[in-house]
Amino acid sequence: MTLDDPTVLADARAALRGATRIVFFTGAGMSADSGIPTFRDALTGLWERFDPALLASIDGFEADPALVWGWYEWRRQKVMQAQPNAGHRAIAAFAVQAKPRAVAVVTQNVDDLHERAGTSDAAEVVHLHGSILALRCFVCATPAGDALINAVPDEPEGGRRLTPPRCTACGGPMRPGVVWFGESLPPAAFDRATKLAQSADAFVVVGTSGVVEPAASLVRHARRHGATVIVIDPNESASTRDAHCWIAGSAAHALPLLLCD
Ligand code: OAD
């Protein structure tokens, strides 16, 4: 089961060699090696330290927009300062080298590290939970320009209360372009991800605990439709239980071993 077990890696590499449609399904663990915290890891996970009901819901935003805006501003800074890690770069290189085979990335992450690694130049990247960099009006959904994304130096851990900027169209408060608890996923993204999962021969799951639906259902969907499911995660999770092959390592370490010749 571990990276020290050469048969696991050899089996996973063989499954990838034989596949013509390969999907990478990524979660917060994908970006952990870039310094962006996960949600549910013990001690370091965001939901261990912050309350999702206050910070990631419509009710929370209505109750205290400045608290929510400040927290997302802090997280945006972290994303903008982070760099793609060796795992992101391995997927990007694989997408080029695998052509004409079809490679796609379906991510739950709201950062842009797959894009900055170059993956979107060679493969489709589907964001299921939106983007922390794409702001829109809470009231009328008008998107905001990049001008609203300003670097706030020396943000304290967890951010500070900041009044959200106002929408130029209707004057409503701006909100982050992420999916909050209780909200539906963007339908086009979820439809596309479902089709990709359905037609995949290899479905490589990286760094997701597999507890947030409906995203997590894609792993079971891919498996039911015949994909070999390979999971990269240092810890056992709901995702590892659905795996044909579990590589117990970090994204930055295991992906280059799996994907590079
Ligand atoms: P979680 O925090 O729930 O799970 C992260 C997974 O990554 C765990 O299984 C960890 O063991 C694993 N992990 C930690 N470090 C890793 C590393 N270096 N390499 C590989 N894996 C590592 O994050 P998600 O499953 O992505 O929703 O969470 C799903 C959703 O819950 C998120 O998209 C977010 C959150 O609420 C929204 O923002 C809508």
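**A word on the nonpolar core**
- Judged by nonpolar contacts, the single largest core of 30 residues is most densely connected at F24, V204, I247, L255, L258 and L259.
- Those elements that place two or more of their residues in this core are helix 1 (6–17), strand 1 (21–26), helix 7 (86–97), strand 2 (102–107), strand 6 (202–206), strand 7 (228–232), strand 8 (245–247) and helix 13 (251–259).
- The leading source of residues in this core is helix 13, at five residues.

**Regarding the sheet that holds strand 6**
- Taken in spatial order, the six strands make up an open sheet running 3-2-1-6-7-8, and their pairing is parallel. Unpaired on one side and paired on the other, strand 3 (124–127) and strand 8 mark the two borders of the sheet. For this sheet, the mean inter-axis angle between neighbouring strands, taken without regard to orientation, is 20°.
- Looking at chain direction, strand 1 and strand 6 are connected through five bridges and run parallel. Note on strand 6: the bridge partner recorded for I22 is A202.
- Packed onto the sheet, helix 1 meets strand 1, strand 6, strand 7 and strand 8 and runs at close to 120° relative to strand 8.

**Let's talk about the site of the ligand**
- In the vicinity of the ligand, 23 residues are found, and the nearest of them are R40, T208, S209, D233 and N235.
- Contacts to the ligand include G29, whose backbone N or O atom sits 3.2 Å from a nitrogen atom.
- Here G207 contributes a backbone N or O atom positioned 3.2 Å from an oxygen atom of the ligand.
- The fraction of the free accessible surface of the ligand (790 Å²) that becomes covered by protein chains is 93%.
- Top element by residues in the shell around the ligand is helix 2 (residues 28–32). It accounts for three residues.

**Let's talk about helix 1**
- Spanning twelve residues, helix 1 covers 16 Å between terminal C-alpha atoms, matching the ideal 16 Å at 1.5 Å per step.
- Along helix 1, the residues classified as buried are V8, L9, A12 and L16. One side of helix 1 holds all its buried residues, which, seen down the axis, span an arc of 95°. Pointing more than 90 degrees away from the buried face of helix 1 are the exposed residues P6, D11 and R17.

**Examining the state of the cysteines**
- Within the structure shown, the criterion is met by zero disulfides.
- Between C170, a free cysteine, and C137, which holds the nearest cysteine sulfur, the sulfur-to-sulfur gap is 3.6 Å.
- Distance from the sulfur of C245, which forms no disulfide, to the nearest cysteine sulfur (C260) is 17 Å.

**Topic: unusual backbone geometry**
- P100 follows K99 through a cis peptide bond whose omega is 10°.
- Checked against the element boundaries, P100 lands in the loop between helix 7 and strand 2.
- Following E213, the chain continues to P214 via a peptide bond in cis, the omega torsion being 5°.
- Phi at A141 takes a positive value of approximately 70°, unusual for a residue other than glycine.
- Examined against the element boundaries, A141 turns out to sit in the loop between strand 4 (130–137) and strand 5 (174–178).

**So, the pattern of salt bridges**
- In total, this model carries seven salt bridges according to the counting rule given.
- With a closest N to O distance of 2.7 Å, R161 and D64 form a salt bridge. Taken together, the residues R161 in the loop between strand 4 and strand 5 and D64 in the loop between helix 5 (58–63) and helix 6 (65–81) connect sequence positions 97 residues apart.
- Residue classification places R161 among the exposed positions, given a relative accessible area of 52%.
- A salt bridge links R220 to E213; the nearest nitrogen and oxygen atoms lie 3.1 Å apart.

Basis of the calculations
Residues take numbers from 1 onward in each chain, read along the sequence in its written order. Only residues with pLDDT of at least 70 get local features here, since the model is predicted, and only at 80 or more are side-chain atom pairs given and counted; chain-wide, interface and lining totals rely on the full set of residues. Where side-chain values are given, they derive from all heavy atoms of the structure, hydrogens and water being excluded. What is meant by a nonpolar core is a set of buried Ala, Val, Leu, Ile, Met, Phe, Trp, Tyr and Cys residues, joined one to another through side-chain atoms within 4.5 Å. Working definition: with a 1.4 Å probe on protein chains only, accessible area under 20% of the residue-type maximum means buried, over 50% means exposed, and in between means partly exposed. Helix numbers and strand numbers start at the N terminus; a helix is a DSSP run of H or I with at least 4 residues, a strand a run of E with at least 2. For two strands to pair, DSSP has to find at least two bridges joining them. To get an axis, a line is fitted to the C-alpha atoms, and for a helix only the part in contact is used. The angle between two axes follows their N-to-C directions and goes from 0 to 180 degrees. Should any heavy atoms of two residues lie within 4.5 Å, those residues are considered in contact. The cutoff for a nearby residue is simple: one of its non-hydrogen atoms must lie within 4 Å of the molecule or strand. Two N or O atoms count as a polar contact when they lie within 3.5 Å, although within protein this holds only if one can serve as hydrogen donor and the other as acceptor, and sequence-adjacent residues are included solely when both atoms are side-chain atoms. Residue-level accessible areas treat just the shown protein chains as cover; the underlying method is Shrake-Rupley with a 1.4 Å probe. One less than the number of residues in a helix, times 1.5 Å, gives the span that helix is expected to have. Taking the helix axis as origin, the arc is that swept by the directions to the C-beta atoms. When two cysteine sulfur atoms are found within 2.5 Å, that pair is recorded as a disulfide. For this document, the term salt bridge refers to a Lys or Arg side-chain nitrogen within 4 Å of an Asp or Glu carboxyl oxygen.

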